[in-house]
Amino acid sequence: MPGASSPGLRLPGGGYTSRMSTQAAAYAKPDILVSTEWLAGELQNPNIRVIESNEDTLLYASGHIPGAAHVDWTADLNDQVRRDYISRDGFEKLMSRLGVTPDTTIVFYGDKNNWWACYAFWVFQLFGHTKAKVLNGGRLKWEKEGRPMNRETPTFTASTYKAPERNDKAIRAFREDVLKVVQEKGQLVDVRSPDEYSGKRLHMPDYPNEGAVRGGHIPGAKSVPWAKAINPEDGTFKTVGELRKLYQEEQGLDPAKPVTAYCRIGERSSHTWFALTYLLGFPNVRNYDGSWTEWGNSVGLPIEK
Amino acid sequence: MTRAPAGAEVIENGGVSDSRTPTHYPEALQDLLDTFATFDDQAERAQVLISFSDSFKEVPKEVATRPFPKDHLVPACESEAYVWAVMRPAGTMDLYFAVENPSGISARALAAMLTKTLSGLPPKEIATVSPEIVERLFRQNISMGKGMGLMSMVGAVRTLAQRAQGIEPKPASAIACPE
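All figures in this text were calculated on a predicted structure; none of them were measured in a lab.

Undergrad: In this structure, what is going on with the overall build of chain A? I would like to understand it.
TA: On a plain count of helices and strands, chain A comes out with 11 helices and 12 strands. If you take every contact in chain A between residues at least 6 apart in sequence, the share linking residues at least 24 apart comes to 74%.

Given below as structure tokens:
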């Protein structure tokens, strides 16, 4: 990328970090976030691919950041038969369709305060595409600032993308891993709503029940609803000080020890995984995507209420 | 605040009604459902829904102005949708909506479809509408978080139509959280 500096993004008009807030610079990896202002100046950059990922499937088609591609979390990221993510072959095909090469920097954004953007980001990390960032504030901030949007679906020249085999070990936890964490009294974060955590509800408020037969939480899990990490007025992440207070001071999470986050199917917890990993710099965080729809349905697993 | 135009009566909302499925729907709504049943392609359905969303017209100031009264707020709808029903001298009912969430594309689409197919009908006919139409209209374009709110919008319309007939609606729980 012309004029690039670490991590491969041009320093625009005096430097990338100069456009970020002082608080952003205090994040463990501040360049993992990009601002709406910065992205607005990079929309013509061929080395950047903007990807929108939403819960609401109508949103992208109704208007999106010019040039942005759409990644549908159900159709594009999940295996269509088994409960699992796409394979290496599927990821290579997706990246080819998006015209992305290993050198392309991807900027994710989406609705719901980047909840689904972080989920897509996490899946991309399973395949080691580390040239990835998240638009701080996501779709909400971009819209609130009155920045341009259009309905043109971009087409990209298919690329050749050779991905490694999906590597689940570092950032993905499975049921047996979580059971071991429980037995060893390790650190777990339940990012669902308080009523889901307590077992009063089996699903999010205003959402349908998707089949958990038992309510409650994994023994020993701390309750930190995912959305506490964002500023609701513009969807941006809270300051590093606020995040430290939330996770470390109030809940006593120790950055030096492994943390496993979970929710219902692993989407909300990918947002928390992102905040802990990149904004607070926890070195060992995994997302348990089986989450409550697996744990709350499994025979014999321990549950706390 | 809510205002009733001359010769009209605004029906007060108070919740949502039950979700029984009727044997038939008013003709315009049935035609719309039949049309949507022909869409096999998700993208095609999405484009039609977005077209409806684009055609959405907010409640006129003759009926209500901001701040909208909370008793017209649709329960469990994250798009912050409001609904009003105004009785006309001919005994028909007009429906009006507001959707405060700028990302409320689905809510605006549904509001436009309900207005187009039900406004101007007698309350007795409007009261036949069931939340099950949401699944038939949106299919795979309905997201987890949107479905409940959209069904609640339909339930709120049904409530208003029942109230206009002097029928006290059943509790909302069947619509708010069908488990």
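Undergrad: What is the right way to look at the packing of helix 2 (residues 42-55) of chain B against helix 3 (residues 105-118) of chain B in this model?
TA: Each pair of packed helices can be described by the angle between their axes along with the distance between the axes. Residue and element names in this part refer to chain B. With their axes 7 Å apart at the nearest point, helix 2 and helix 3 run at an angle of 75° to one another. Comparing their axes, helix 3 and helix 2 come out roughly perpendicular. Where helix 2 abuts helix 3, its residues Leu 49, Ile 50, Phe 52, Ser 53 and Ser 55 lie against Ile 105, Arg 108, Ala 109, Ala 112 and Met 113. In terms of residue class, the contact of helix 2 with helix 3 is built from seven nonpolar, two polar and one charged.

Undergrad: How should I be thinking about the sheet that holds strand 5 (residues 69-70) of chain A in this particular structure?
TA: Hydrogen bonding along the main chain pairs the strands of a sheet, whether they run parallel or antiparallel. Residue and element names in this part refer to chain A. A sheet is described by the order of its strands in space; here five strands give the open sequence 3-7-6-4-5, paired in parallel fashion. Two strands in the sheet have a free side with no partner beyond their single neighbour: strand 3 (33-34) and strand 5. In the sheet, strand 4 (residues 48-52) pairs with strand 6 (residues 105-109) via five bridges, with the strands oriented parallel. When the sheet's bridge partners are listed, Arg 49 is paired in strand 6 with Ile 106.

Undergrad: Looking at this structure, how should I read the sheet that holds strand 11 (residues 259-262) of chain A?
TA: All names here are of chain A. Judged by pairing direction, the sheet is parallel, and its five strands sit side by side in the order 8-12-11-9-10 without closing on themselves. Edge positions in the sheet fall to strand 8 (172-173) and strand 10 (222-223), since each has one partner strand and no second. Where strand 8 lies against strand 12 (residues 285-288), two bridges are found, and the strand directions are parallel. Within strand 12, the position partnered with Arg 172 by the bridge is Asn 287.

Undergrad: Looking at this structure, how should I read the nonpolar core?
TA: Note that soluble globular proteins tend to have their nonpolar side chains buried in a common cluster. The biggest cluster of nonpolar side chains holds 75 residues, and the ones touching the most others in it are Val 107, Phe 108, Tyr 109, Ala 120, Phe 121 and Val 134 of chain A. By residue number, the principal contributor to this core is helix 5 (residues 111-126) of chain A, which donates 11 residues. Both domains that meet at this core, namely domain 1 (4-144) and domain 2 (172-295) of chain A, each give it at least three residues. The residues contacting Phe 121 of chain A, other than those within four sequence positions of it, are Phe 108, Ala 132, Val 134 and Phe 274 of chain A. Formed by 56 residues, the second largest nonpolar core is a distinct cluster that contains Val 99, Ala 111, Met 148 and Leu 150 of chain B.

Undergrad: Please explain helix 2 of chain B as it appears in this structure.
TA: Helical geometry: 3.6 residues make up each α-helical turn, so side chains three or four residues apart lie on a common side. Residues and elements named next belong to chain B. In this model helix 2 runs 20 Å from its N-terminal to its C-terminal C-alpha over 14 residues, within 8% of the 20 Å that 1.5 Å per residue would give. Listed in full, the buried residues belonging to helix 2 are Arg 45, Ala 46, Leu 49, Ile 50, Phe 52 and Ser 53. Buried residues in helix 2, looked at end-on, bunch into an arc of 155°, giving them a common side. Residues of helix 2 that are exposed and angled more than 90 degrees away from the buried face: Ala 43, Glu 44, Ser 51 and Asp 54.

Undergrad: Would you take a moment to explain the environment of Pro 302 of chain A for this structure?
TA: All names here are of chain A. Within the fold, Pro 302 resides in the segment after helix 11 (291-295). Its 12 C-beta neighbours within 10 Å are what place Pro 302 among the exposed residues. Along the backbone, Pro 302 and Pro 219 are 83 residues apart, and their C-alpha atoms lie at a distance of 6.7 Å. Not counting chain neighbours up to four residues away, the residues in contact with Pro 302 comprise Val 182 and Pro 219.

About the criteria used
Residues numbered from 1 in each chain as written. Chains lettered and ligands numbered in written order. Predicted model: local features only at pLDDT ≥ 70, side-chain atom pairs only at ≥ 80, totals over all residues. Helix = DSSP H or I, 4+ residues; strand = E, 2+ residues; numbered from the N terminus. Contact = placed C-beta atoms within 7 Å. Axes fitted to C-alpha atoms, helices over the stretch in contact; angles between N-to-C directions. Parallel < 35°, antiparallel > 145°, perpendicular 65-115°, else oblique. Nonpolar A, V, L, I, M, F, W, Y, C, P; charged D, E, K, R; others polar. Pairing = 2+ DSSP bridges. Core = buried A, V, L, I, M, F, W, Y, C linked by C-beta atoms within 7 Å. Buried ≥ 20, exposed ≤ 12 C-beta atoms within 10 Å, placed from the backbone. Domains from an automatic or database assignment. Expected span 1.5 Å × (residues − 1). Arc of directions from axis to C-beta.

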